[in-house]
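Next come the chains, spelled out residue by residue.
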Amino acid sequence: MYYLWICLWFYDGNLVYPVSQADITPFLARMWGHIVKDASPNLYAWKVYSGNVAFQLFLAQVLPGYRQEGLPVPSLNYKTLIYNCNALNSLYVTLITAAGLHWSGIFRLTEIIDNYGHLMSVAMIYGFSVALGTYLYAVFTNTQIRTSGNPFYDYFMGACLNPRIGNIDLKMWGEVRIPWVIVFFLAVSGGCKQYEQYGYVTPSYVYSVVYMASHDFSTYRFSTLTYIIMYATLLTAYYIWDTAMSQKSRFKMQSQGITEFRNTFPQLPGCIVKDPTYIQTAHGCNYVADWTMSLMWGAIVGTASIIPYFYSVFFIAVLIHRCSRDFERCSRKYGKDWDRYCEVVRWKFIPYFY
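Quick caveat, the model's predicted, so the values are computed rather than measured.

Regarding the overall build of the protein
Consideration 1: When helices and strands are tallied, the protein shows 14 helices and four strands.
Consideration 2: Its C-alpha atoms give the protein a radius of gyration of 23 Å, within 12% of the compact-globule value 20 Å for 354 residues.
Consideration 3: The principal-axis extents of the C-alpha atoms in the protein amount to approximately 60 × 50 × 50 Å.
Consideration 4: Across the 354 residues that make up the protein, the buried fraction comes to 37%.
Consideration 5: Within the protein, contacts between residues separated by at least 24 positions form 66% of all contacts whose residues are at least 6 apart in sequence.
Consideration 6: Here the protein displays about 20,900 Å² of accessible surface, and carbon together with sulfur accounts for 65% of that area.
Consideration 7: In the protein, which carries 26 positive and 20 negative side-chain charges, the distance between the mean positions of the two groups comes to 5 Å.

Spelled out as structure tokens, the structure:
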């Protein structure tokens, strides 16, 4: 993470390396110098990141939402847990609050991209600390689930199945309320930075925003037609991903006798169907759509830098491994039923191709 950020921010998006054996030590010193100066977990970054964490916890606890009964949990004697699904309400309040802070000058959104390195370090510390806290809680309360006995492995894989603070499911909260809010505001921050420096805003996402916020548009400009094609591809992929995930979730809920679903905004057409259409064509349609979006997020900078493509390269390896793991687990769990499903749905990712 540090290396890729340094290359994007300080070396024009180019991968840097020692030019000779004698340069190895000075090179490492230069990298460390960038981290110490521009990515230290300083007090300002702690206040900003911790403020967001506390704010999101507060919203998750107090805002109204759709109360959804979860699936039976075998480790809790098939007890069902109640989830207060107020993420969208939290998002709307967060957007309004962020706009107020920005326009009032209390907290300019450009400060996020300007302090990217410092916030990244704090985020890493938070991530490892929360993982350690939940792991130790599971160990000390003897509530470990599916542990291997290897503390290092169990720490990273997780030992606590349903950690909660009050009514807040920490896994659901931690997966949605922190990383995706940060990703969104990183993109917004980069757009604000571009507007202040260059007078325009271009589409951006995570790695690409670091490059685009510090470079003139001319270094990665495409034709209008190319942008139309890229946006159409991105929106199509998002539609497939969103509706496929919704269909799978609702199908699982229906199999448990849950027939009441929330209606909210935004909700795409195709989310609610009697039979899930995507899993009748290919096992991993949502995987393909998810990866396509990751590719478009990197491709927005063209060939100006290869670093924004890192995520899509990493992601395709993860998805291929996940798909093979899914097949193995489903084969063990469902036996001949899974074999019959594979005879009907022969494609893993792309229908009639793979």
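Let's talk about a positive patch on the surface
Consideration 1: Taken together, Arg 146, Lys 171, Lys 252, Arg 322, Arg 325, Arg 329, Arg 332 and Lys 333 make up a surface patch of like positive charges.
Consideration 2: The element that contributes the greatest number of residues to the positive patch is helix α13 (residues 310-334), accounting for five residues.
Consideration 3: When you line up the elements, Arg 325 lands in helix α13.
Consideration 4: Taking relative accessible area as the criterion, Arg 325 reaches 36% and is therefore assigned partly exposed.

So, unusual backbone geometry
Consideration 1: The backbone of Asp 12 shows a phi angle near 60°, a positive value even though the residue is not glycine.
Consideration 2: Given a relative accessible area of 42%, Asp 12 falls into the partly exposed group.
Consideration 3: Phi at Asn 142 takes a positive value of approximately 55°, unusual for a residue other than glycine.
Consideration 4: By relative accessible area, Asn 142 is classed as exposed at 64%.

Re helix α4 (residues 87-104)
Consideration 1: The end-to-end C-alpha distance of α4 is 25 Å, a good match for the 26 Å that 18 residues give at a rise of 1.5 Å each.
Consideration 2: Restricting attention to buried positions, one finds in α4 the residues Leu 88, Ser 90, Thr 94, Ala 98 and His 102. Buried residues of α4, seen end-on, are gathered within an arc of 145° and therefore sit on one face of the element. Projecting away from the buried face of α4 at angles above 90 degrees are the exposed residues Ile 96 and Trp 103.

Each value, and the rule that gives it
- Residues numbered from 1 in each chain as written.
- Predicted model: local features only at pLDDT ≥ 70, side-chain atom pairs only at ≥ 80, totals over all residues.
- Heavy atoms only, no water.
- Helix = DSSP H or I, 4+ residues; strand = E, 2+ residues; numbered from the N terminus.
- Rg over C-alpha atoms; globule rule 2.2 N^0.38 Å.
- Buried < 20%, exposed > 50% of the residue type's maximum accessible area, 1.4 Å probe, protein only.
- Contact = heavy atoms within 4.5 Å.
- Areas by Shrake-Rupley, 256 points an atom, 1.4 Å probe, with all protein chains shown as cover.
- Lys, Arg positive; Asp, Glu negative; His and termini not counted.
- Charge placed at Lys NZ, Arg CZ, Asp CG, Glu CD.
- Patch = residues over 30% accessible without salt bridge, like charges linked within 9 Å, V, L, I, M, F, W, Y side chains within 5 Å.
- Salt bridge = Lys/Arg side-chain N within 4 Å of Asp/Glu carboxyl O.
- Expected span 1.5 Å × (residues − 1).
- Arc of directions from axis to C-beta.

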